[in-house]
Amino acid sequence: MAARVAARQATTVARILSPRSSVQAANLTQQRGLADHHGPAKINVWQDPMSPSKWKEEHFVIVSLSGWGLFIYGTYKFFTGGKGKKEENLAEVAQ
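Residues numbered from 1 in each chain as written. Predicted model: local features only at pLDDT ≥ 70, side-chain atom pairs only at ≥ 80, totals over all residues. Heavy atoms only, no water.

Focus on the overall build of the chain
- On a plain count of helices and strands, the chain comes out with four helices and zero strands.
- Tracing the chain from N to C terminus, the helices and strands come up as α-α-α-α.
- Taking all 95 residues of the chain together, the buried fraction comes to 6%.
- Carbon and sulfur atoms provide 63% of the accessible area of the chain, an area that totals close to 9100 Å². (Helix = DSSP H or I, 4+ residues; strand = E, 2+ residues; numbered from the N terminus. Buried < 20%, exposed > 50% of the residue type's maximum accessible area, 1.4 Å probe, protein only. Areas by Shrake-Rupley, 256 points an atom, 1.4 Å probe, with all protein chains shown as cover.)

Structural data, given as structure tokens:
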């Protein structure tokens, strides 16, 4: 078992250290920015705030999570009666 791991590590190191031709190096570069995009281009939230289907995915996630947080906080405040430090301070002053 240890011999297999050592052999695998040795071949990996040999692959990394061996000189490569420019063709092989070009094949290893990332192709992220060169991909064909399907469908319409995505836009920023502030450019068209009423069309979520056109938003970039990361903007949609941020807006959605912010909306859910606001909803949960609002329902918490509604059902707890909005109790906070103001009422505590008024109770202390009345004594």
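Regarding the packing of aromatic side chains
- Scanning the model with the defined rule gives three aromatic pairs in all.
- Between Trp55 and Phe60, the aromatic rings sit 6.2 Å apart at their centres with planes inclined by 55 degrees, giving tilted as the arrangement.
- By relative accessible area, Phe60 is classed as partly exposed at 40%.
- Between Trp68 and Phe71 the ring centres are 5.9 Å apart and the planes differ by 85 degrees, which places this aromatic pair in the edge-to-face class. Remark: Phe71 and Trp68 occur in helix H3 (residues 57-79); sequence separation between them is three residues, near one turn of the helix. (Phe/Tyr/Trp six-rings, centres within 6.5 Å; stacked < 30°, edge-to-face > 60°.)

What about the confidence of the model for the chain?
- Across the chain, pLDDT averages 78, with 60% of residues at or above 70.
- Within the chain, the lowest mean pLDDT, 59, falls on helix H2 (residues 22-28), and the highest, 95, falls on H3. (pLDDT = per-residue confidence, 0-100.)

Details of the pattern of salt bridges
- According to the stated counting rule, one finds one salt bridge in the structure shown.
- Here Lys54 and Asp48 are joined by a salt bridge, their closest N and O atoms 3.6 Å apart. (Salt bridge = Lys/Arg side-chain N within 4 Å of Asp/Glu carboxyl O.)

Focus on H3
- Taking 1.5 Å of rise per residue, the 23 residues of H3 would be expected to cover 33 Å, and the 33 Å separating its terminal C-alpha atoms lies within 8% of that figure.
- Gly81, located one to two residues past H3, shows a positive phi value of around 75 degrees. (Expected span 1.5 Å × (residues − 1).)

Quick look at the side chain of His59
- Residue position: His59 is located in helix H3.
- Judged by its relative accessible area of 16%, His59 falls in the buried class.
- Within the structure, His59 has its side chain in polar contact with the backbone nitrogen of Val45 (distance 3.4 Å).
- Not counting the four nearest positions on each side in its chain, His59 is found in contact with Asn44, Val45 and Trp46. (Polar contact = N/O pair within 3.5 Å; in protein donor to acceptor, adjacent residues only side chain to side chain. Contact = heavy atoms within 4.5 Å.)

Looking at the environment of Lys54
- Within the fold, Lys54 resides in the loop between H2 and H3.
- What makes Lys54 partly exposed here is its relative accessible area of 43%.
- Between the C-alpha atoms of Lys54 and Pro40, which are 14 residues apart in sequence, the distance is 8.0 Å.
- In contact with Lys54, other than residues within four places in its own chain, are Ala41, Lys42, Ile43 and Asp48.

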